[in-house]
Amino acid sequence: MPLANTFLGELRSLVGADQVLTEKEDLIPYSFDGTAVLQQVPGCVVFAKSTDQVAGVLKLANRTKTAVVTRGSGTGLSGGSLPSPDCLVLCLVKLDRIIELDRANLTLLAEAGVTTQAVSDAATAAGLFYPPDPGSMKISTIGGNVAENSGGLRGLKYGVTRNYVMGLEVVLPDGEVLWTGNKCVKDVAGYSLRDLFIGSEGTLGVITRVLLKLIPKPPAKKTLVATFAKMDQAAQTVSDIIAAPIIPCTLEFLDRVTIQCVEDHAKIGLPLDCEALLLMETDGHPAVVEDEATRMVEIARRNGCQEVRVAQDDAEATRLATARRTAFSALARVAPTTILEDATVPRSELAKMIRFIEEVAKKHRLRIGTFGHMGDGNLHPTCLTDERNHEEMHRVEEAFREIFEETIRLGGTITGEHGIGMAKKTFLPKFAGDAQMRVMRELRRVLDPNGILNPGKVFE
Ligand SMILES: Cc1cc2nc3c(=O)[nH]c(=O)nc-3n(C[C@H](O)[C@H](O)[C@H](O)COP(=O)(O)OP(=O)(O)OC[C@H]3O[C@@H](n4cnc5c(N)ncnc54)[C@H](O)[C@@H]3O)c2cc1C
């Protein structure tokens, strides 16, 4: 049912008339996120500028049982901020203040709509480091990162968003404001509600403030790129580096299809006669960095790499890292529809999984490029297709169903960082099992008895 005029009137008095969008042409930009194919125009879009406004909007929505879809920058890749019909999209990009950088405690307190890049820049300006670096960091919000527990290129050594969240301010669906966590390094008082809200994909509460941990900036870094004629050589190089034991800050992978698209797009000078490319970065004390870089070159050579390049300066390092950072946009240029997936397996199964994806692509006559966080076992098979071709889309669905079944069979997970949202909800019960599904549903029912937050996401 369309939103009633009295409801819209109350919203306008809560946040200001100019912060409520209702015209169709204004709503269209909020009718999709970064996920291919999914689109739904919402009933209205509301911009909140304070926690009080978020609380007021949620009280009203809860009283009227109106669906609320919380939105950061809408870069999500599992349809998490896709509107439900006639819902209210609560957009937080105007909650954009960095409130405090506390040098004594190495923390940063930010409102949820601050971009990840702004968090990173603020840390760097203070001589500190905020490691999580999702590929979308220039525009993704820190609230969105927490809601998805986003990873990034430095996940192998530094972990994911969860590892940097010390506290959260969350508005519950009935408008009550809750603080969980604090600046203490250790705190075991009660259940960790903070951990419950991290990765909750907008289904349990609206995150309005995030208290983040910062760490000292590593003084040195080296970037290397190695190319391999055979995929197995690259996979073995990854295993040998980890077994060495070296934990690089970045250990990323591109396959042949992706290398070709990146080279067409960015003209970096990548060799095109290889099956796999590894981007490797080590950071830390200069002597350690030097030693680790030398050993990684040796390991790559021992595994028969075609070529290994070590960046001589920052400019070259940035150029080499561009190969990985532009992978998604390079692939997205090739076909009208780009479906980027998120299969993750134990590292020992990587080569097997990559081969399986290649076979599935061949079997279903599809173009699938694979890249990803090889050190984390997190692969992004990316299908280049056209959503207008229904017959091909059927084959795409079949191919990804087979890929996820194989992922589960190999002891992996159906999503390493993009979340369940709309895109993976049919796979979740099989992956999570009955007991986990029951507990998750009950938690959701307790926190949001009217089911107003992000209905239709995560659960079928
Ligand atoms: C080019 C590209 C590269 C990417 N690279 C990576 C990557 O390397 N690693 C990675 O993990 N992801 C990556 N992503 C996915 C995406 O950027 C992340 O999931 C990101 O954290 C989403 O942030 P957002 O602000 O855009 O959130 P949105 O897309 O707006 O929302 C995502 C989900 O979080 C919920 N949500 C948003 N804000 C809040 C809040 N304040 N409170 C409660 N719920 C909220 C929404 O309801 C939705 O369910 C990439 C996406 C693109 C397009």
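Note: the structure precedes this text.
Residues numbered from 1 in each chain as written. Predicted model: local features only at pLDDT ≥ 70, side-chain atom pairs only at ≥ 80, totals over all residues. Heavy atoms only, no water.

**Q** Would you mind going over the site of the ligand in detail, with residue names and values included?
**A** Residues in close proximity to the ligand total 33 residues, the closest being Thr70, Thr75, Ser136, Thr141 and Ser150. Taking glycine 80, its main chain carries an N or O atom lying 3.2 Å from an oxygen atom of the ligand. Within the backbone of isoleucine 207, an N or O atom sits 2.9 Å from a nitrogen atom of the ligand. Isolated, the ligand exposes 980 Å² of accessible area, and the fraction of that covered by the protein chains is 93%. Those elements giving two or more residues to the shell around the ligand turn out to be strand E3 (68-71), helix H5 (142-148) and strand E10 (206-213). Counting residues per element, the shell around the ligand draws most heavily on H5, at five residues. (Near = heavy atom within 4 Å. Polar contact = N/O pair within 3.5 Å; in protein donor to acceptor, adjacent residues only side chain to side chain. Areas by Shrake-Rupley, 256 points an atom, 1.4 Å probe, with all protein chains shown as cover. Helix = DSSP H or I, 4+ residues; strand = E, 2+ residues; numbered from the N terminus.)

**Q** Could you give an account of the pairing of strand E4 (residues 88-91), naming the residues involved and the relevant values?
**A** Going residue by residue along E4, you find Leu88 and Leu90 tucked away on one face and Val89 and Cys91 tucked away on the opposite face as well. Note: strand E2 (residues 44-47) against E4, four bridges, orientation parallel. From the neighbouring strand, valine 45 faces E4, where its bridge partner is valine 89. Examined bridge by bridge, E3 and E4 share four bridges and lie parallel to one another. Paired with valine 69 across the two strands is valine 89, which belongs to E4. (Buried < 20%, exposed > 50% of the residue type's maximum accessible area, 1.4 Å probe, protein only. Pairing = 2+ DSSP bridges.)

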